[in-house]
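Survey of secondary and tertiary structure
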Amino acid sequence: MTSMINIGVIGCGYWGPNLIRNFSSLPEVRVKGASDLNPERLKHMAQLYNVETHAHADAIIQDPLIHAIAIATPVSTHFDLARKSLAAGKHTFIEKPMTKTVAEARELIELARGKKRILMTGHTFIYSTPVRKIKEIVDSGEIGDLLYISSQRLNLGLFQKDINVAWDLAPHDISIILYIMGTAPVSVNCQGKSHLKPAIEDVANMSLNFDNGGFATILSSWLDPNKIRRMTFVGSKKMILYDDNKPIEKIRVYDKHVELPQYYDTFGEFNYAYHYGDMYSPYLKQEEPLKVQCQHFIDCINDNQKPDSSGQEGLQVVQILEAATESLRHNGMSITIDGMGADAMPPVHQRADWFN
Ligand SMILES: NC(=O)c1ccc[n+]([C@@H]2O[C@H](COP(=O)([O-])OP(=O)(O)OC[C@H]3O[C@@H](n4cnc5c(N)ncnc54)[C@H](O)[C@@H]3O)[C@@H](O)[C@H]2O)c1
(Lines give C-alpha, C1' and ligand atoms only; values in the text may rest on other atoms or scores of the structure.)
Protein backbone atom coordinates (compact mmCIF):
# COMPACT_ATOMS: atom_id res chain seq x y z
CA MET A 1 0.00 0.00 0.00
CA THR A 2 1.33 3.44 -0.92
CA SER A 3 1.13 6.14 1.75
CA MET A 4 2.56 9.61 2.26
CA ILE A 5 6.14 9.51 3.52
CA ASN A 6 7.64 12.42 5.44
CA ILE A 7 11.38 12.75 4.89
CA GLY A 8 14.07 14.61 6.80
CA VAL A 9 17.38 15.46 5.08
CA ILE A 10 20.52 15.90 7.16
CA GLY A 11 23.32 17.80 5.41
CA CYS A 12 22.55 20.59 2.92
CA GLY A 13 26.02 21.22 1.47
CA TYR A 14 26.81 20.34 -2.15
CA TRP A 15 24.80 17.12 -2.48
CA GLY A 16 21.99 17.32 0.10
CA PRO A 17 19.99 19.92 -1.92
CA ASN A 18 19.87 17.44 -4.84
CA LEU A 19 18.21 14.92 -2.53
CA ILE A 20 15.74 17.55 -1.28
CA ARG A 21 14.90 18.53 -4.88
CA ASN A 22 14.37 14.95 -6.02
CA PHE A 23 12.41 13.77 -2.98
CA SER A 24 10.26 16.92 -3.26
CA SER A 25 9.43 16.02 -6.86
CA LEU A 26 7.82 12.71 -5.81
CA PRO A 27 4.06 12.96 -5.33
CA GLU A 28 3.89 10.63 -2.31
CA VAL A 29 6.73 12.36 -0.44
CA ARG A 30 6.96 15.50 1.66
CA VAL A 31 10.38 16.80 2.67
CA LYS A 32 9.36 17.93 6.14
CA GLY A 33 12.69 18.91 7.65
CA ALA A 34 16.26 19.78 6.70
CA SER A 35 19.24 20.13 8.99
CA ASP A 36 22.74 21.57 8.63
CA LEU A 37 25.35 22.94 11.01
CA ASN A 38 25.79 25.91 8.69
CA PRO A 39 23.00 28.51 9.13
CA GLU A 40 23.69 29.98 5.68
CA ARG A 41 22.88 26.65 4.03
CA LEU A 42 19.65 26.39 6.04
CA LYS A 43 18.62 29.91 5.04
CA HIS A 44 19.21 29.00 1.41
CA MET A 45 17.14 25.79 1.71
CA ALA A 46 14.25 27.68 3.33
CA GLN A 47 14.31 30.14 0.40
CA LEU A 48 14.17 27.32 -2.17
CA TYR A 49 11.80 24.83 -0.53
CA ASN A 50 8.86 24.76 1.83
CA VAL A 51 10.85 22.92 4.49
CA GLU A 52 11.35 23.28 8.25
CA THR A 53 15.02 23.94 9.00
CA HIS A 54 16.96 22.84 12.09
CA ALA A 55 20.51 23.54 13.24
CA HIS A 56 20.61 20.22 15.08
CA ALA A 57 20.01 16.87 13.38
CA ASP A 58 18.32 15.52 16.54
CA ALA A 59 15.32 17.76 15.87
CA ILE A 60 14.72 15.73 12.69
CA ILE A 61 15.69 12.35 14.10
CA GLN A 62 13.30 12.73 17.05
CA ASP A 63 10.41 14.20 15.02
CA PRO A 64 7.58 11.62 15.37
CA LEU A 65 6.03 12.78 12.08
CA ILE A 66 9.18 11.95 10.07
CA HIS A 67 9.23 8.37 8.71
CA ALA A 68 12.55 8.36 6.87
CA ILE A 69 15.85 10.20 6.95
CA ALA A 70 18.41 10.87 4.22
CA ILE A 71 21.97 11.61 5.33
CA ALA A 72 24.23 13.70 3.07
CA THR A 73 26.94 14.80 5.47
CA PRO A 74 30.70 14.04 5.36
CA VAL A 75 31.51 10.32 5.60
CA SER A 76 33.03 10.60 9.08
CA THR A 77 29.58 11.59 10.46
CA HIS A 78 27.46 8.96 8.63
CA PHE A 79 27.64 6.26 11.30
CA ASP A 80 26.60 8.34 14.33
CA LEU A 81 23.73 10.00 12.48
CA ALA A 82 22.51 6.74 10.89
CA ARG A 83 22.71 4.84 14.18
CA LYS A 84 20.56 7.49 15.89
CA SER A 85 18.16 7.54 12.95
CA LEU A 86 17.67 3.75 12.93
CA ALA A 87 17.47 3.63 16.73
CA ALA A 88 14.63 6.18 16.49
CA GLY A 89 12.85 3.79 14.09
CA LYS A 90 13.40 5.79 10.88
CA HIS A 91 14.03 4.21 7.49
CA THR A 92 17.51 5.46 6.67
CA PHE A 93 19.22 6.44 3.43
CA ILE A 94 22.96 7.18 3.65
CA GLU A 95 25.07 8.76 0.94
CA LYS A 96 28.05 6.83 -0.39
CA PRO A 97 30.34 5.56 0.99
CA MET A 98 27.96 4.21 3.64
CA THR A 99 30.43 4.35 6.56
CA LYS A 100 34.14 4.86 7.17
CA THR A 101 34.70 1.32 8.52
CA VAL A 102 33.40 -2.20 7.90
CA ALA A 103 32.55 -2.58 11.61
CA GLU A 104 30.29 0.48 11.45
CA ALA A 105 28.54 -0.81 8.32
CA ARG A 106 27.88 -4.19 9.96
CA GLU A 107 26.47 -2.52 13.08
CA LEU A 108 24.04 -0.44 11.00
CA ILE A 109 22.87 -3.52 9.07
CA GLU A 110 22.18 -5.34 12.35
CA LEU A 111 20.36 -2.33 13.77
CA ALA A 112 18.19 -1.97 10.65
CA ARG A 113 17.41 -5.68 10.78
CA GLY A 114 16.47 -5.51 14.47
CA LYS A 115 14.30 -2.44 13.94
CA LYS A 116 12.83 -3.83 10.67
CA ARG A 117 13.70 -0.65 8.85
CA ILE A 118 15.00 -0.06 5.32
CA LEU A 119 18.69 0.82 5.12
CA MET A 120 19.82 2.09 1.74
CA THR A 121 23.06 3.55 0.34
CA GLY A 122 23.43 6.22 -2.34
CA HIS A 123 24.98 4.15 -5.12
CA THR A 124 23.42 6.52 -7.62
CA PHE A 125 24.88 5.10 -10.81
CA ILE A 126 23.22 1.71 -10.53
CA TYR A 127 19.95 3.60 -10.98
CA SER A 128 21.15 5.28 -14.20
CA THR A 129 19.86 4.26 -17.61
CA PRO A 130 23.35 3.69 -19.13
CA VAL A 131 24.44 1.34 -16.33
CA ARG A 132 21.12 -0.55 -16.43
CA LYS A 133 21.48 -0.89 -20.23
CA ILE A 134 25.07 -2.17 -19.89
CA LYS A 135 23.85 -4.75 -17.36
CA GLU A 136 21.13 -5.84 -19.79
CA ILE A 137 23.64 -6.20 -22.65
CA VAL A 138 26.20 -8.08 -20.52
CA ASP A 139 23.55 -10.40 -19.02
CA SER A 140 22.15 -11.17 -22.48
CA GLY A 141 25.52 -12.72 -23.41
CA GLU A 142 25.93 -10.36 -26.38
CA ILE A 143 29.51 -9.40 -25.49
CA GLY A 144 30.48 -13.00 -24.60
CA ASP A 145 32.37 -13.62 -21.38
CA LEU A 146 33.09 -10.41 -19.47
CA LEU A 147 36.90 -10.46 -19.36
CA TYR A 148 37.65 -7.22 -17.55
CA ILE A 149 36.38 -3.73 -16.72
CA SER A 150 38.52 -0.62 -16.65
CA SER A 151 37.30 2.63 -15.16
CA GLN A 152 38.59 6.20 -14.96
CA ARG A 153 37.02 8.91 -12.78
CA LEU A 154 39.25 11.98 -12.95
CA ASN A 155 38.82 15.70 -12.36
CA LEU A 156 40.54 18.78 -10.91
CA GLY A 157 39.14 18.44 -7.33
CA LEU A 158 36.84 18.58 -5.52
CA PHE A 159 39.33 17.86 -2.72
CA GLN A 160 37.73 16.32 0.40
CA LYS A 161 39.08 16.95 3.89
CA ASP A 162 38.28 13.68 5.65
CA ILE A 163 38.77 11.00 2.95
CA ASN A 164 41.17 10.25 0.10
CA VAL A 165 40.26 10.19 -3.58
CA ALA A 166 39.51 6.46 -3.61
CA TRP A 167 36.93 6.81 -0.82
CA ASP A 168 35.45 9.85 -2.55
CA LEU A 169 35.23 8.74 -6.20
CA ALA A 170 35.74 4.97 -6.40
CA PRO A 171 32.46 4.04 -4.59
CA HIS A 172 30.73 4.88 -7.88
CA ASP A 173 33.02 2.63 -9.97
CA ILE A 174 32.97 -0.16 -7.39
CA SER A 175 29.18 -0.17 -7.10
CA ILE A 176 28.83 -0.25 -10.91
CA ILE A 177 31.41 -3.04 -11.20
CA LEU A 178 29.70 -5.16 -8.50
CA TYR A 179 26.32 -4.58 -10.14
CA ILE A 180 27.53 -5.59 -13.61
CA MET A 181 29.79 -8.45 -12.50
CA GLY A 182 27.08 -9.82 -10.19
CA THR A 183 29.75 -11.13 -7.87
CA ALA A 184 32.20 -9.66 -5.39
CA PRO A 185 36.01 -9.51 -5.55
CA VAL A 186 38.20 -11.78 -3.48
CA SER A 187 41.23 -9.50 -3.36
CA VAL A 188 42.23 -5.89 -3.90
CA ASN A 189 45.46 -4.07 -4.78
CA CYS A 190 45.80 -0.31 -4.56
CA GLN A 191 48.58 2.22 -5.02
CA GLY A 192 48.32 5.97 -4.70
CA LYS A 193 50.03 9.19 -3.83
CA SER A 194 49.25 12.36 -1.87
CA HIS A 195 50.70 15.45 -3.53
CA LEU A 196 48.94 18.18 -1.56
CA LYS A 197 47.83 16.99 1.87
CA PRO A 198 49.83 14.27 3.69
CA ALA A 199 48.02 10.91 3.99
CA ILE A 200 45.08 12.09 1.82
CA GLU A 201 45.88 10.48 -1.54
CA ASP A 202 44.74 12.60 -4.49
CA VAL A 203 45.45 9.90 -7.08
CA ALA A 204 44.82 6.15 -6.62
CA ASN A 205 44.89 3.10 -8.84
CA MET A 206 42.92 0.07 -7.62
CA SER A 207 42.57 -3.47 -9.03
CA LEU A 208 39.88 -5.95 -8.07
CA ASN A 209 40.28 -9.69 -8.62
CA PHE A 210 37.24 -11.95 -8.79
CA ASP A 211 37.16 -15.69 -8.08
CA ASN A 212 35.54 -16.34 -11.49
CA GLY A 213 38.70 -14.92 -13.11
CA GLY A 214 37.15 -11.47 -13.59
CA PHE A 215 39.33 -8.39 -13.21
CA ALA A 216 38.67 -4.66 -12.86
CA THR A 217 40.86 -1.57 -12.57
CA ILE A 218 39.83 1.84 -11.24
CA LEU A 219 41.85 5.03 -11.64
CA SER A 220 40.65 7.88 -9.39
CA SER A 221 42.15 11.38 -9.38
CA TRP A 222 41.49 14.91 -8.11
CA LEU A 223 44.56 16.10 -10.04
CA ASP A 224 43.64 15.88 -13.69
CA PRO A 225 43.05 18.71 -16.19
CA ASN A 226 39.95 17.01 -17.64
CA LYS A 227 36.76 15.69 -16.14
CA ILE A 228 36.71 12.05 -17.24
CA ARG A 229 34.00 9.51 -16.36
CA ARG A 230 34.81 6.57 -18.60
CA MET A 231 34.40 2.79 -18.29
CA THR A 232 35.26 0.00 -20.72
CA PHE A 233 33.68 -3.44 -20.50
CA VAL A 234 35.76 -5.93 -22.48
CA GLY A 235 34.01 -9.13 -23.49
CA SER A 236 35.28 -12.13 -25.43
CA LYS A 237 33.02 -11.18 -28.39
CA LYS A 238 32.31 -7.45 -28.08
CA MET A 239 33.36 -4.42 -26.06
CA ILE A 240 31.31 -1.60 -24.50
CA LEU A 241 32.55 1.94 -23.98
CA TYR A 242 30.58 4.05 -21.47
CA ASP A 243 31.38 7.76 -21.40
CA ASP A 244 29.15 9.44 -18.84
CA ASN A 245 30.29 12.92 -19.89
CA LYS A 246 28.83 12.58 -23.37
CA PRO A 247 25.46 14.32 -23.70
CA ILE A 248 24.31 11.67 -26.21
CA GLU A 249 25.54 8.18 -27.18
CA LYS A 250 26.91 7.55 -23.69
CA ILE A 251 27.24 3.85 -24.56
CA ARG A 252 28.88 2.42 -27.65
CA VAL A 253 28.95 -1.30 -28.33
CA TYR A 254 31.89 -2.34 -30.52
CA ASP A 255 31.87 -5.61 -32.42
CA LYS A 256 35.60 -6.08 -31.84
CA HIS A 257 37.59 -8.96 -30.44
CA VAL A 258 40.83 -10.84 -30.86
CA GLU A 259 41.25 -14.57 -31.44
CA LEU A 260 44.22 -16.89 -31.26
CA PRO A 261 44.48 -19.34 -34.16
CA GLN A 262 43.58 -22.78 -32.80
CA TYR A 263 46.38 -24.69 -34.61
CA TYR A 264 49.65 -23.54 -36.13
CA ASP A 265 52.77 -25.48 -37.06
CA THR A 266 55.39 -22.78 -37.52
CA PHE A 267 56.01 -19.41 -35.95
CA GLY A 268 55.38 -17.83 -39.38
CA GLU A 269 51.81 -19.15 -39.36
CA PHE A 270 51.13 -17.69 -35.90
CA ASN A 271 48.97 -14.58 -36.10
CA TYR A 272 46.34 -13.10 -33.83
CA ALA A 273 43.03 -12.71 -35.67
CA TYR A 274 41.72 -9.19 -35.09
CA HIS A 275 38.01 -8.81 -35.69
CA TYR A 276 36.67 -5.33 -36.52
CA GLY A 277 32.89 -5.16 -36.94
CA ASP A 278 30.15 -2.58 -36.56
CA MET A 279 29.55 -0.17 -33.70
CA TYR A 280 26.13 0.84 -32.40
CA SER A 281 24.87 3.12 -29.69
CA PRO A 282 21.67 1.89 -27.99
CA TYR A 283 18.76 4.23 -27.24
CA LEU A 284 18.79 5.45 -23.63
CA LYS A 285 15.76 6.98 -21.94
CA GLN A 286 16.52 10.40 -20.40
CA GLU A 287 15.87 10.30 -16.66
CA GLU A 288 17.70 11.58 -13.62
CA PRO A 289 19.32 8.63 -11.78
CA LEU A 290 18.94 10.41 -8.46
CA LYS A 291 15.18 10.66 -8.96
CA VAL A 292 15.00 6.92 -9.76
CA GLN A 293 17.08 6.21 -6.65
CA CYS A 294 14.86 8.40 -4.42
CA GLN A 295 11.72 6.73 -5.85
CA HIS A 296 13.30 3.30 -5.20
CA PHE A 297 13.89 4.20 -1.52
CA ILE A 298 10.23 5.19 -1.17
CA ASP A 299 9.03 2.05 -3.02
CA CYS A 300 11.17 -0.17 -0.78
CA ILE A 301 9.65 1.46 2.31
CA ASN A 302 6.10 1.05 0.98
CA ASP A 303 6.60 -2.53 -0.31
CA ASN A 304 8.96 -3.76 2.43
CA GLN A 305 11.49 -4.65 -0.25
CA LYS A 306 15.27 -4.93 -0.17
CA PRO A 307 16.84 -1.96 -1.98
CA ASP A 308 19.16 -2.68 -4.92
CA SER A 309 21.77 -0.69 -2.96
CA SER A 310 20.90 -1.93 0.53
CA GLY A 311 23.15 -1.93 3.58
CA GLN A 312 24.70 -5.16 2.21
CA GLU A 313 25.88 -3.48 -0.99
CA GLY A 314 27.00 -0.48 1.07
CA LEU A 315 29.02 -2.84 3.27
CA GLN A 316 30.65 -4.51 0.24
CA VAL A 317 31.85 -1.18 -1.11
CA VAL A 318 33.26 -0.24 2.32
CA GLN A 319 34.96 -3.66 2.58
CA ILE A 320 36.70 -3.03 -0.74
CA LEU A 321 37.68 0.52 0.24
CA GLU A 322 39.03 -0.65 3.60
CA ALA A 323 41.08 -3.37 1.90
CA ALA A 324 42.29 -0.84 -0.69
CA THR A 325 43.43 1.47 2.12
CA GLU A 326 45.42 -1.37 3.70
CA SER A 327 46.95 -2.16 0.32
CA LEU A 328 47.83 1.55 -0.16
CA ARG A 329 49.66 1.52 3.17
CA HIS A 330 51.63 -1.54 1.99
CA ASN A 331 52.58 -0.20 -1.43
CA GLY A 332 50.00 -2.12 -3.43
CA MET A 333 50.19 -5.48 -1.62
CA SER A 334 47.32 -7.85 -2.47
CA ILE A 335 44.71 -7.84 0.34
CA THR A 336 42.21 -10.69 0.58
CA ILE A 337 38.63 -9.76 1.36
CA ASP A 338 36.92 -12.29 3.60
CA GLY A 339 33.34 -13.36 3.13
CA MET A 340 32.82 -11.62 -0.18
CA GLY A 341 32.24 -14.57 -2.50
CA ALA A 342 29.18 -14.99 -4.69
CA ASP A 343 27.18 -16.21 -1.65
CA ALA A 344 27.56 -12.83 -0.02
CA MET A 345 25.70 -11.09 -2.85
CA PRO A 346 21.97 -10.96 -2.26
CA PRO A 347 20.12 -10.98 -5.58
CA VAL A 348 18.60 -7.65 -6.59
CA HIS A 349 14.82 -7.18 -6.34
CA GLN A 350 14.68 -9.75 -3.52
CA ARG A 351 11.98 -9.14 -0.91
CA ALA A 352 13.29 -7.80 2.37
CA ASP A 353 12.59 -11.00 4.33
CA TRP A 354 16.17 -10.78 5.57
CA PHE A 355 15.14 -8.29 8.21
CA ASN A 356 11.88 -9.95 9.31
N1 LIG B 1 25.73 10.06 -4.86
C2 LIG B 1 26.52 10.96 -5.40
O3 LIG B 1 26.68 11.03 -6.62
C4 LIG B 1 27.21 11.96 -4.51
C5 LIG B 1 27.78 13.12 -5.06
C6 LIG B 1 28.39 14.01 -4.18
C7 LIG B 1 28.48 13.74 -2.84
N8 LIG B 1 27.96 12.59 -2.36
C9 LIG B 1 28.06 12.25 -0.93
O10 LIG B 1 27.26 13.12 -0.17
C11 LIG B 1 27.83 13.32 1.11
C12 LIG B 1 28.02 14.82 1.35
O13 LIG B 1 28.94 15.32 0.39
P14 LIG B 1 28.95 16.88 -0.01
O15 LIG B 1 29.85 16.97 -1.18
O16 LIG B 1 27.58 17.41 -0.08
O17 LIG B 1 29.68 17.50 1.28
P18 LIG B 1 29.62 19.02 1.77
O19 LIG B 1 30.77 19.20 2.67
O20 LIG B 1 29.42 19.95 0.62
O21 LIG B 1 28.26 19.09 2.62
C22 LIG B 1 28.10 18.43 3.85
C23 LIG B 1 27.16 19.27 4.71
O24 LIG B 1 26.87 18.52 5.88
C25 LIG B 1 26.80 19.45 6.96
N26 LIG B 1 26.97 18.71 8.23
C27 LIG B 1 28.09 18.14 8.72
N28 LIG B 1 27.83 17.50 9.89
C29 LIG B 1 26.51 17.69 10.14
C30 LIG B 1 25.65 17.29 11.19
N31 LIG B 1 26.09 16.57 12.22
N32 LIG B 1 24.36 17.66 11.13
C33 LIG B 1 23.88 18.40 10.12
N34 LIG B 1 24.66 18.82 9.08
C35 LIG B 1 25.96 18.46 9.10
C36 LIG B 1 27.88 20.47 6.68
O37 LIG B 1 27.65 21.68 7.35
C38 LIG B 1 27.78 20.60 5.16
O39 LIG B 1 26.94 21.67 4.78
C40 LIG B 1 29.13 12.51 1.11
O41 LIG B 1 28.90 11.26 1.68
C42 LIG B 1 29.45 12.39 -0.37
O43 LIG B 1 30.24 11.26 -0.67
C44 LIG B 1 27.31 11.71 -3.16
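Definitions and limits used
- Here the residue index of a chain counts from 1 through its sequence in written order.
- The predicted nature of this model means local features are confined to residues of pLDDT at least 70 and side-chain atom pairs, given and counted, to a pLDDT of 80 or more, with totals for whole chains, interfaces and linings taken over all residues.
- Helix numbers and strand numbers start at the N terminus; a helix is a DSSP run of H or I with at least 4 residues, a strand a run of E with at least 2.
- Computation of the radius of gyration draws on C-alpha atoms alone. For the globule rule, the value is 2.2 Å times the number of residues to the power 0.38.
- Here exposure depends only on C-beta density: within 10 Å of a residue's C-beta, 20 or more other C-beta atoms make it buried, 12 or fewer make it exposed, and intermediate numbers make it partly exposed, the C-beta atoms being placed from the backbone.
- A residue pair is marked as a contact if its C-beta atoms, positioned from the backbone, fall within 7 Å.
- The pairing criterion for strands is at least two bridges between them, as found by DSSP.
- Here an axis means a line fitted to C-alpha atoms, over the contact stretch when the element is a helix, while the angle between two N-to-C directions is reported on a 0 to 180 degree scale.
- Here the expected length of a helix is defined as 1.5 Å per residue gap, with one fewer gap than residues.
- Note: domain ranges come from an automatic or database domain assignment.

Glancing now at the overall build of the protein chain. Assigned secondary structure in the protein chain consists of 9 helices and 15 strands. Taken over C-alpha atoms, the radius of gyration comes to 22 Å for the protein chain, in line with the 21 Å a tight globule of 356 residues would show. A principal-axis box enclosing the C-alpha atoms of the protein chain has dimensions of 80 × 45 × 40 Å. Every one of the 356 residues in the protein chain was classed for burial, and the buried ones make up 44%. Residue pairs at least 24 apart in sequence account for 69% of intrachain contacts in the protein chain once pairs closer than 6 positions are excluded.

Let us look at the environment of Cys-300. Position of Cys-300 relative to the elements: it lies in helix α8 (residues 289-303). On the neighbour-count criterion, Cys-300 (20 C-beta atoms within 10 Å) is buried. In this structure the C-alpha to C-alpha distance between Cys-300 and Arg-117, which are 183 residues apart in sequence, comes to 10.0 Å. Residues in contact with Cys-300, not counting those within four places in the same chain, are Ile-118, Met-120, Gln-305 and Pro-307.

The next thing to look at is the sheet that holds strand β7 (residues 146-156). Ordered by their spatial adjacency, 9 strands build an open sheet running β14-β13-β12-β11-β7-β10-β9-β8-β15, and the pairing between neighbours is mixed. Two strands lie at the open edges of the sheet, namely β14 (273-280) and β15 (335-336), each paired on one side alone. Here 4 bridges tie strand β12 (residues 239-243) to strand β13 (residues 251-259), and the two strands are oriented antiparallel to one another. Counted as the bridge partner of Leu-241 is Arg-252 from β13. Helix α7 (residues 165-181) rests against β7, β8 (185-193), β9 (203-210), β10 (215-221) and β11 (223-235) of the sheet, and its axis sits at about 155° to β10.

The next subject is helix α4 (residues 75-87). For an α-helix, the turn length of 3.6 residues means that residues three or four places apart are oriented alike. Its 13 residues give α4 an end-to-end C-alpha distance of 19 Å, which sits within 8% of 18 Å, the value for a rise of 1.5 Å per residue. When α4 is considered as a whole, its buried residues turn out to be Val-75, His-78, Phe-79, Leu-81, Ala-82, Ser-85 and Leu-86. One or two residues past the end of α4 sits Gly-89, with phi positive at roughly 85°.

Moving on to the environment of Glu-201. Mapped onto the fold, Glu-201 is located in the loop between β8 and β9. Put simply, Glu-201 and Phe-23 are 178 residues apart on the chain and 34 Å apart in space, counted from C-alpha to C-alpha.

Annotation of the protein chain at the domain level lists domain 1 (5-125 + 289-309) and domain 2 (126-280). The straight-line distance from the C-alpha centre of domain 1 to that of domain 2 is 30 Å. Opposite the 14 residues of domain 1 that make contact, domain 2 presents 11 residues. Elements with a contribution of two residues or more to the side of domain 1 that touches domain 2: α4 and α8. With 4 residues, α8 is the largest single contributor of residues to the side of domain 1 that touches domain 2.

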